[in-house]
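Coordinates in review
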Amino acid sequence: MNQASTPFPPPPAAPRKRKPTPHFMLAHPAHWIAQGFGSGLSPIMPGTAGTLFAWLSYAVLSTRWPQVFTAANWLVIIAAGFIIGIWACQRTGQALNSPDDGSMVWDEIIAFWLVLVLVTPASLKTQFAAFVVFRFFDMVKPPPIAWFDRRLKGGFGVMWDDIVAAFYTLLVFAFWRTYW
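Just so it is clear, the structure is predicted and the values come from calculations on it, not from any experiment. (Residues numbered from 1 in each chain as written. Predicted model: local features only at pLDDT ≥ 70, side-chain atom pairs only at ≥ 80, totals over all residues. Heavy atoms only, no water.)

1. A closer look at the UniProt feature "domain: YutG/PgpA" (unreviewed entry) in the protein chain
Our working rule: UniProt positions are given in the numbering used here, feature names are shortened, and annotations may be inferred rather than shown by experiment. Numbering goes from the N terminus for both helices and strands, where a helix is a DSSP run of H or I of at least four residues and a strand is a run of E of at least two.
Under the UniProt annotation, "domain: YutG/PgpA" (unreviewed entry) lies at residues 32-174. Measuring from the first to the last C-alpha atom of residues 32-174 gives 34 Å, for a span that is 75% helix and 0% strand.

Here it is as structure tokens:
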């Protein structure tokens, strides 16, 4: 049987993944947010670069304007940032043809801000420990993080697995503070 007479046409080719670039990031506000204001464009370990951006921005904003960036206000910013992140990551993932692209680091930023607001005030050493523990859970994805990562898709899925990694980090710190 020749190819012309086959009853089923070949499936369409999957769209190619688009490369994240500074030009792409600046093309739409959603991309700028999802890619962590450029920190997600790091050629090595963009998730770590996004988490470092979260740590630096939290420290600078909280130190420079402590009357504005209180713990309560940070929690409002984090909640709003989570909702905005669902939209931004959904739109950016679609534009990149990569639903959970590594350049999208807004999820790390929001999740690590949550960790910081709940562990600070803390020494630089403690903040660094929080950074390491959070990155561990975000990269290793122990259950149920991996389950959420596989099953929840779109912007919500991108954002949610990092919130669970933040919860694990906070759980480690709760045990540490209670027993040591």
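Next comes the rest of the write-up.
2. Concerning the side chain of Ser 57
So the rule is basically this: With a 1.4 Å probe rolled over the protein chains alone, any residue whose accessible area is under 20% of its type maximum counts as buried; one over 50% counts as exposed, and the rest are partly exposed. Polar contacts, as counted here, are pairs of nitrogen or oxygen atoms within 3.5 Å of one another; within protein the pair requires one atom able to donate a hydrogen and one able to accept it, and residues that are adjacent in sequence qualify only if both atoms are side-chain atoms.
Mapping Ser 57 onto the fold places it in helix α3 (residues 46-64). Classification of Ser 57 as buried rests on a relative accessible area of 12%. Among the polar contacts listed, one links the side chain of Ser 57 to the side chain of Trp 113, at a separation of 3.2 Å.

3. Concerning the side chain of His 31
For clarity, the threshold we go by: Two residues qualify as a contact provided that any one of their heavy atoms is within 4.5 Å of a heavy atom in the partner residue.
Within the secondary structure layout, His 31 lies in helix α2 (residues 29-34). With a relative accessible area of 7%, His 31 lands in the buried category. Sequence-distant contacts of His 31, defined by excluding residues within four places in its chain, comprise Phe 24, Met 25, Arg 91, Thr 92 and Ala 95.

4. Details of helix α4 (residues 71-96)
Convention followed: The length a helix should cover is 1.5 Å for every residue beyond the first. Two axes are fitted around each residue, one to the seven residues ending there and one to the seven starting there, and the angle between them is reported as the bend at that residue.
Spanning 26 residues, α4 covers 35 Å between terminal C-alpha atoms, matching the ideal 38 Å at 1.5 Å per step. If you look at α4, its biggest bend is around 25°, right at Ile 84. Those residues of α4 that sit buried are Trp 74, Ile 78, Gly 81, Phe 82, Gly 85, Ala 88, Cys 89, Thr 92, Gly 93 and Leu 96. On its buried face, α4 is in contact with α1 (22-26), α2, α3, α5 (106-119) and α8 (154-179).

5. So, unusual backbone geometry
Of note, the bond from Thr 120 into Pro 121 is cis; its omega dihedral lies within 30 degrees of zero at 10°. The backbone of Asn 97 sits at a positive phi, close to 55°, despite the residue not being glycine. On the basis of relative accessible area, Asn 97 is assigned to the partly exposed category, the value being 36%. The residue Lys 141 is not glycine, and still its phi comes out positive at about 55°. Examined against the element boundaries, Lys 141 turns out to sit in the loop between α6 (124-140) and α7 (145-151).

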